[in-house]
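What follows is each chain in one-letter form.
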Amino acid sequence: MTKAKGADTLPLNRILPGDCIEVMNGLPEASVDLIFADPPYNLQLRGELHRPDNSKVDAVNDHWDQFDGFAAYDRFTRDWLAAARRVLKPHGAIWVIGSYHNIFRLGAELQNQGYWLLNDVVWRKSNPMPNFKGKRLTNAHETLIWASRSEGAKYTFNYEALKSLNEGVQMRSDWVLPICTGHERLKDDNGDKAHPTQKPESLLHRVLVATTNPGDVVLDPFFGTGTTGAVAKMLGRDFIGIEREESYRKVAEARLARVRKYDREALMVSASKRAEPRVPFGQLVERGMLRPGEVLVSPRGKTAKVRADGTLVGDAMTGSIHQVGAALEGAPSCNGWTYWHFRREGKMVPIDFLRQQIRAEMNGRPH
Ligand SMILES: C[S@@+](CC[C@H](N)C(=O)[O-])C[C@H]1O[C@@H](n2cnc3c(N)ncnc32)[C@H](O)[C@@H]1O
């Protein structure tokens, strides 16, 4: 396993207080795998916004969203994107999210700095806020930009996993997901929204499954209530959050303390067949991950014994993990990797889990 320079000193799974540019400049160079950034929108709202019944709309008019014009916003964008690029590993990538107010400025600056745009994604909100004044279209989407650190650089993309998420159909660049409401929406002591722009976990789930692997380090320089950290923790990724406002950090800390990581087996995702190196089953035996004589079990309780040469011996049949599985099921074929399970600490684990471990080592990833 190759470790990034300075990886041992990374403040993993913590929320760092302060200005994200200063904090990122203090982190080791080339140390994070992915950045998810939801920066201030620079909405430039003038005055309060009211609904037709005169109730006040919870708009984003907080001081953290105020800039002294486009030039100031552009300077800020330039500085934080440069600081972000320094901490990204050469094969790392960045996602930025924004609305029409800021996304074009972000996109231009990404390109100016040498990031390489891979896709933009339209997050279409299935339940957008209505337009109260009726003078423009209802804002029903936000845009995400996904970019690698530089042109031609390798980056992580779990194509097959996304296809599986989409019931076997290639994932497109328009994502229909609801905005954050109901029990997911964090509230303060008065029952008001704890943060005006809390992102839905579903959005981060898709981003992290698509472009990271378990054990990767995900940095969010505009952490807010910690949606990125919460989903990273569930998915077995490490995170680093940076947030300037203490009140948001407190909400995020409490949220993260409640989050539990999914179990190892649930974290495995479908891998791209083209990208993954071949691992013969015999290698698991050679390396002592499974011992000759160990009994493997199928989901319906059929058994076979592992032999020293990497074959299995079943009831009346000897052969590969696939052949013995197919014979026991009376089926023309069988994927032995997902069919056969071994017992560890009282749990049944598919042998594919061991193959993933070997592949992670080959790809220089922790597992
Ligand atoms: C759009 S919100 C992010 C919301 C977050 N994605 C969530 O789901 O809760 C932007 C956040 O960045 C923080 N922020 C703004 N400027 C910052 C800076 N220079 N350094 C650190 N945090 C900053 C704000 O306090 C705000 O919480």
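Above this text you will find the structure in question.
I will try to describe carefully the structure that is included in this document.

Reading the values: rules and limits
Residues numbered from 1 in each chain as written. Predicted model: local features only at pLDDT ≥ 70, side-chain atom pairs only at ≥ 80, totals over all residues. Heavy atoms only, no water. Helix = DSSP H or I, 4+ residues; strand = E, 2+ residues; numbered from the N terminus. Buried < 20%, exposed > 50% of the residue type's maximum accessible area, 1.4 Å probe, protein only. Areas by Shrake-Rupley, 256 points an atom, 1.4 Å probe, with all protein chains shown as cover. Lys, Arg positive; Asp, Glu negative; His and termini not counted. Charge placed at Lys NZ, Arg CZ, Asp CG, Glu CD. Pairing = 2+ DSSP bridges. Axes fitted to C-alpha atoms, helices over the stretch in contact; angles between N-to-C directions. 1 Å grid on protein atoms, 1.4 Å probe; cavity = no way out; pocket = protein on both sides within 12 Å on 5 of 7 lines; lining within 4 Å. Points joined across faces, edges and corners; volume = space filled by probe spheres on them. Expected span 1.5 Å × (residues − 1). Arc of directions from axis to C-beta. Contact = heavy atoms within 4.5 Å. Parallel < 35°, antiparallel > 145°, perpendicular 65-115°, else oblique. Left-handed = near helix turned anticlockwise from the far one by under 90°. Right-handed = clockwise from strand over helix to strand, strands pointing away.

Turning our eyes to something else, we now look at the overall build of the protein chain. Check the secondary structure of the protein chain and you find 11 helices and 14 strands. Seen through its C-alpha atoms, the protein chain measures out along the principal axes to roughly 80 × 45 × 35 Å. Buried residues in the protein chain amount to 47% of all 367 residues. Counting only carbon and sulfur atoms, one obtains 48% of the accessible surface of the protein chain, whose full area is about 19,000 Å². Where the 51 positive side-chain charges of the protein chain centre and where its 44 negative ones centre are 4 Å apart.

With that settled, the discussion passes to the sheet that holds strand β7 (residues 217-220). Taken in spatial order, the eight strands line up as β1-β8-β7-β2-β3-β5-β4-β6 in an open sheet, and their pairing is mixed. Sheet topology places β1 (14-17) and β6 (174-177) at the edges, where each strand pairs with a single neighbour. When the angles between neighbouring strand axes are averaged without regard to direction, this sheet yields 20°. Direction of pairing for β7 relative to strand β8 (residues 238-243): parallel, over a ladder of four bridges.

The next thing to look at is empty space enclosed by the protein. Tallied over the full model, the rule gives one cavity of 30 Å³ or more. A volume near 40 Å³ is recorded for the largest cavity. For the largest cavity, the full set of lining residues is Asp33, Leu34, His91, Gly92, Ala93, Trp146, Tyr155, Thr156 and Thr211. At the level of secondary structure, the elements contributing two or more residues to the lining of the largest cavity comprise β2 (32-37) and β3 (88-98). With three residues, the top contributor of residues to the lining of the largest cavity is β3.

Bringing helix α7 (residues 246-258) into the picture now. Given a rise of 1.5 Å per residue, 13 residues ought to cover 18 Å, and the 19 Å separating the end C-alpha atoms of α7 matches this to within 8%. Taken residue by residue, α7 has Tyr248, Arg249, Ala252, Arg255 and Leu256 as its buried positions. Around the axis of α7, the buried residues are gathered within 125° of arc, so they sit on the same side. Of the exposed residues in α7, the ones pointing more than 90 degrees away from its buried face are Lys250, Ala257 and Arg258. Looking at the buried side of α7, the elements it contacts are β1, α5 (201-211), α6 (227-234) and β8.

A few words now on the packing of helix α2 (residues 70-87) against helix α3 (residues 103-112). Direction vectors running N to C along α2 and α3 enclose 45°, while the axes themselves pass 10 Å from each other. One finds that α2 runs oblique with respect to α3. Crossing geometry of α2 relative to α3 is assigned as right-handed. In contact with Phe70, Tyr73, Asp74, Thr77, Arg78, Trp80 and Leu81 of α2, α3 contributes Arg105, Leu106, Glu109 and Leu110.

Across the six residues that make up β8, a large majority, five, are buried. Chirality of the crossover, the property in question, places the unit of β7, α6 and β8 among those that are right-handed.

Extensive coverage of α6 is indicated by the burial of seven of its eight residues. For α6, the complete set of buried residues consists of Thr227, Thr228, Gly229, Ala230, Val231, Ala232 and Met234. Taken together, the buried residues of α6 touch β2, α5, β7, β8 and α7. Phi turns positive, to about 75°, at Gly236, one or two residues after α6.

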